[in-house]
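Listed below, chain by chain, are the residues.
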Amino acid sequence: MKVLKFGGTSVANAQNIEKVKNIVANTLKEQKTTVVVSAFGGVTDMLVKASLLASAQDESYKSVLEDIEDRHLKVIQELIDINNQSKVVSAIKRELNVLETLLEGAFLIGETTSKLLDKIVGYGELLSSFIINEYFIKEGIDSVHKDSRTLIKTDNQFGRAAVDFKTTNELCENYFGTVTYQVVVLPGFVASSTKGESTTLGRGGSDYTAAIIAAAVDAELLEIWTDVSGMFTANPKLVKQAFAIPHISYEEAMELSHFGAKVLYPPTIQPVLSKGISIHIKNTFAPDEEGTLIKKNTNGKTRAVRGISHIENISLISLEGSGMVGIPGISKRFFEVLSEAKVSVVFITQASSEHSICIGVSSEDAENAKDALERAFEYEMTLKKINPVIVEDDLAIIALVGDNMKSHQGLSGRMFSSLGKNNVNIRAIAQGASERNISAVINKNDVKKALNTLHEQFFEDKIKQLNLFVMGVGNVGEKFLQQIEQQQKFLKKQLKLNLRVVALSNSKKMAFEENGLSLKNWKSLLEEGEKTGVDAFFKKVKEMNLRNSIFVDNTASETIANTYKNYLNDSISVVTCNKIAASSPYKDYVELKELSRRYNAPFLFETNVGAGLPIIDTLKNLIASGDKVTKIQAVLSGSLNFVFNNFDENTPFHEVVKQAQDEGYTEPDPKIDLSGIDVMRKILILARESGHEIDIEQIENDAFLPEASLNTGNVDDFYRSLEKNKSHFDDIYKKAADKGCRLKYVAQFENGKAKVGLQHIPQDHPFYNLEGKDNIVLFFTKRYNEQPLLIKGAGAGADVTASGIFADIIRIGNF
């Protein structure tokens, strides 16, 4: 015989119950079947609500009761033909009349006892099982309804009664040994005491009912039918990549269900465990899917970690003090007090020094636990030997579960390292002696990020998801998004990186999508977004709290650059082409570097110098390998190189500058490039990355722009000034041409001093043939003392700058 249990969602309405009938009919082709059903979805909550309202002498309990009646009558109307409805409706109304009497009693006395509540809340299963059996009979199934209260006997612990297995097993053996029907339909959750009083098996007890029956009759298999296709590697509502576990051991299933996997009620496994009866978790709405088979052992090679689960609404209770050290019986008193206060402990950790005991309890039990402990240890607290009880709220427990974890080294390290990299603070840690689970207490707001981080670490074939928050979608930003869209599939397949742009912002609007914005229509999504703001954007990023988050700044905004420390403080990596932060006052630059190290959040700005050229990365590698830079010579402005390569006696200077801007080689304000400040920032950054303490005020700038051009207030005025001073620029060109030289804007750093300025470059110099928008850097070091290390290539343009940003993101992905 098989035992099939159907949960509340599986029997929530007539359409679902029809699916249940089809599943039962298919099972009947093979063998007899026992069907255990829950109340219609949501009805138990309605019964609890009605009882609470009645006990508060609130007459609105009557409307809740009416809703319960309407719900059941509607199902009868949809399932049972009109000729057979009257008998079923009459029976249901009789039961509802009794329920109404019970609620009236609670209303009159103004309270609800545990005994009365057990009678009331059990009606959901009694009503649903009766209706479903009548429907089965109408559909031609040889079925009978049996009240579980006549089979399952318990003590008088109302609310969560303990089963008398000896009596229960005898009653089940006698009944199922003689029943001739092909299907027996039973209400879950309900039982009765030896005196015949209604009891319940605890919330979720319909699973338990099915397991008790399965064990009593030595069933071939217990099937739990629910609304998901088995036990998942993590909660699929929180972890989109979670998948069903095909096979799992009893012990693993118990651990996962204890730590919040709601597919299975924790005590369910106990009755079938000793009998070796397997449990199959199946999906009522996808019956052909494999589901999860729970059995004695899973055999063969399996993953070390089988699942990740969590419990929310946890509080940590800590008792500590010097008076606890070496004193026998402290732990015994501690846990006896909690037991007497009926506080269930879900997590325990104790310092080896015996100086403290820390436990996790449900948040609703925290105040009760605190009061009980402070009363019990009042004397020691008065003597200052034990400190007052400390309660920490708003926490959750996450747990890795797997039978084979004890055979694999380094799992704890991988777990805590990955959480640490994503700024998930761990408050307490526990590991069972069986090494079947590793548990950690974290802030409840970090649960989703922690689960996704761990799932990626242990289940996703090493595909790392990077969540990008992109500020700035102008020339560089747009090219950057194009490159991501183009390379997404390649990165996922070849580099095991899944890049998702989860946020975009321009100067007016911002758009967020946790599952990733579509890069095919990002412009329209952004246009439809909400009003943006630097603080509002950061607040939203923080609220989303996603793993592997990267803030990408494609702007030249000082305001945005000033927010980097906020992101780094929250372990959010920063990638930027904005030079302002790395060239800010030295103390601010050092602070950003320290925050990056402290919170394990990379701060990368390769594109600050040479756009996509690997200049900063090469410099870092030189320094890291022990080399020392003695001198740097460079042409670092692709825009200035483009300008002076195209400027001649036939082309006015202002036209060349405008061409450079139109082609995306300059900043939005070209004065930044032509004033030399941009090059000053670049050589400053290289000097700092070489290990030197230097600020921009220490850099000598031999400017070539007239004072009038430098003092303009906007871009239009700047261009008018360039045109007005045409003769000035023509004269600069003529002086170089007369010497057979070319004009290059050169940056140099040597002996702790830096300078920038326009120079006449002779034909035999490496800079002479630097064409177009190219940059060139010469690193003279202890190792490269005769021939410098030379890096040359395109140093400006939206495409190459975007590719440099892209490369920094890949570096973080491989971090």
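Draft legend 1. How the structure looks around the packing of aromatic side chains. Per the stated rule, a full pass over the model turns up 24 aromatic pairs. Centroid distance Phe603 to Phe605: 4.9 Å. Interplanar angle 50°. Geometry classified as tilted. Ring-pair connections join several aromatic residues into one group, and the members of that group are Phe512, Phe537, Phe538, Phe551, Tyr564, Tyr567, Phe603 and Phe605. Cation over ring: Lys620 sits above Phe605, and NZ or CZ is 5.6 Å from the ring centre.

Draft legend 2. Inspection of the packing of helix 14 (residues 411–421) against helix 15 (residues 447–459) at higher detail. Between helix 14 and helix 15, whose axes approach to 9 Å, the crossing angle comes to 135°. Considering their axes alone, helix 14 and helix 15 lie oblique with respect to each other. Both helix 14 and helix 15 take part in a crossing whose hand is right-handed. Two secondary-structure elements touch here, helix 14 through Leu411, Arg414, Met415, Ser418 and Leu419 and helix 15 through Ala450, Thr453, Leu454, Gln457 and Phe458. Here the residues of the contact of helix 14 with helix 15 sort into six nonpolar, three polar and one charged.

Draft legend 3. A look at the pairing of strand 29 (residues 774–781). When you tally the buried positions in strand 29, you get seven out of eight residues, the bulk of the element. The sheet contact formed by strand 29 and strand 30 (residues 789–794) spans six bridges and is antiparallel. Bridge pairing links Ile776 to Lys792 in strand 30.

Draft legend 4. Unusual backbone geometry, seen in detail. The backbone phi angle of Lys384 is positive, close to 65°, even though this residue is not glycine. Assignment of secondary structure puts Lys384 in the loop between helix 13 (378–382) and strand 15 (390–401). Of note, the phi angle at Asn545 is positive, near 50°, even though the residue is not glycine. With respect to the helices and strands, the residue Asn545 is situated in the loop between helix 18 (534–544) and strand 22 (549–553).

Draft legend 5. Representation of the packing of helix 23 (residues 638–646) against helix 24 (residues 653–662) in the model. The geometry of helix 23 relative to helix 24 is characterised by a closest axis approach of 9 Å and an angle of 140° between their N-to-C directions. It follows that helix 23 is oblique to helix 24 by the angle criterion. Both helix 23 and helix 24 take part in a crossing whose hand is right-handed. For the pair helix 23 and helix 24, the contacting residues are Phe642, Val643, Phe644 and Asn646 in the first and Phe653, Val656, Val657, Gln659 and Ala660 in the second. Split by residue class, the contact of helix 23 with helix 24 holds seven nonpolar, two polar and no charged.

Draft legend 6. Quick peek at the pattern of salt bridges. Counted under the stated rule, the structure contains 37 salt bridges. As a salt-bridge pair, Asp678 and Lys682 come within 3.3 Å of each other at their nearest N and O atoms. One end of the pair, Asp678, and the other, Lys682, are both in helix 26 (residues 677–689), four residues apart, so they sit about a helical turn from each other. By relative accessible area, Asp678 is classed as buried at 2%. A residue is classified by how much of its surface remains accessible, and Lys682, at 6% relative accessible area, is buried. In this structure, a network of salt bridges that share partners links the residues Lys579, Glu667, Asp678 and Lys682.

Draft legend 7. Representation of helix 24. Three or more residues of helix 24 are buried, namely Phe653, His654, Val656, Val657, Ala660 and Gln661. For helix 24, the arc enclosing every buried residue in end-on projection is 160°, short of the 170-degree limit, so these residues lie on one face. In this structure, the buried residues of helix 24 make contact with helix 23, helix 25 (671–674), helix 28 (715–724) and helix 29 (726–738). Immediately beyond the C-terminal end of helix 24, within one or two residues, lies Gly664, with a positive phi of roughly 80°.

Conventions we followed
Residue numbers run consecutively from 1 along every chain, following the written order of its sequence. Where local features are concerned, this predicted model is filtered to residues with pLDDT of at least 70; where side-chain atom pairs are given and counted, the filter is 80 or more; whole-chain, interface and lining totals use all residues. For the side-chain quantities, the full set of heavy atoms in the structure was used; hydrogens and water were omitted. Two rings belonging to Phe, Tyr or Trp (six-membered ring only in the last case) form a pair when the distance between their centres is within 6.5 Å. Interplanar angles under 30 degrees mark stacking, angles over 60 mark edge-to-face geometry, and anything in between is tilted. Charge over a ring is defined by NZ of Lys or CZ of Arg lying within 6 Å of the ring centre and within 35 degrees of the ring normal. Axes here refer to lines fitted to C-alpha atoms; in helices the fit is confined to the stretch in contact. Angles between the N-to-C directions go from 0 to 180 degrees. The helix and strand labels rest on DSSP assignments: H or I over at least four residues marks a helix, E over at least two residues marks a strand, and numbering proceeds from the N terminus. Convention used here: angles under 35 degrees read as roughly parallel, angles over 145 as roughly antiparallel, angles from 65 to 115 as roughly perpendicular, and any remaining angle as oblique. Each crossing gets its hand from how the near helix is turned against the far one by less than a right angle, where anticlockwise is left-handed and clockwise is right-handed. Should any heavy atoms of two residues lie within 4.5 Å, those residues are counted as being in contact. Residue polarity is assigned by list, with Asp, Glu, Lys and Arg as charged and Ala, Val, Leu, Ile, Met, Phe, Trp, Tyr, Cys and Pro as nonpolar; anything else, Gly included, falls into the polar class. Buried means the residue's accessible area, taken with a 1.4 Å probe over protein chains only, is under 20% of the maximum for its type, while exposed means over 50%, and partly exposed covers the values in between. Whether two strands pair comes down to DSSP finding at least two bridges between them. In what follows, salt bridge is the name for a side-chain nitrogen of Lys or Arg lying within 4 Å of a carboxyl oxygen of Asp or Glu. Note: the arc covers the axis-to-C-beta directions of the helix.

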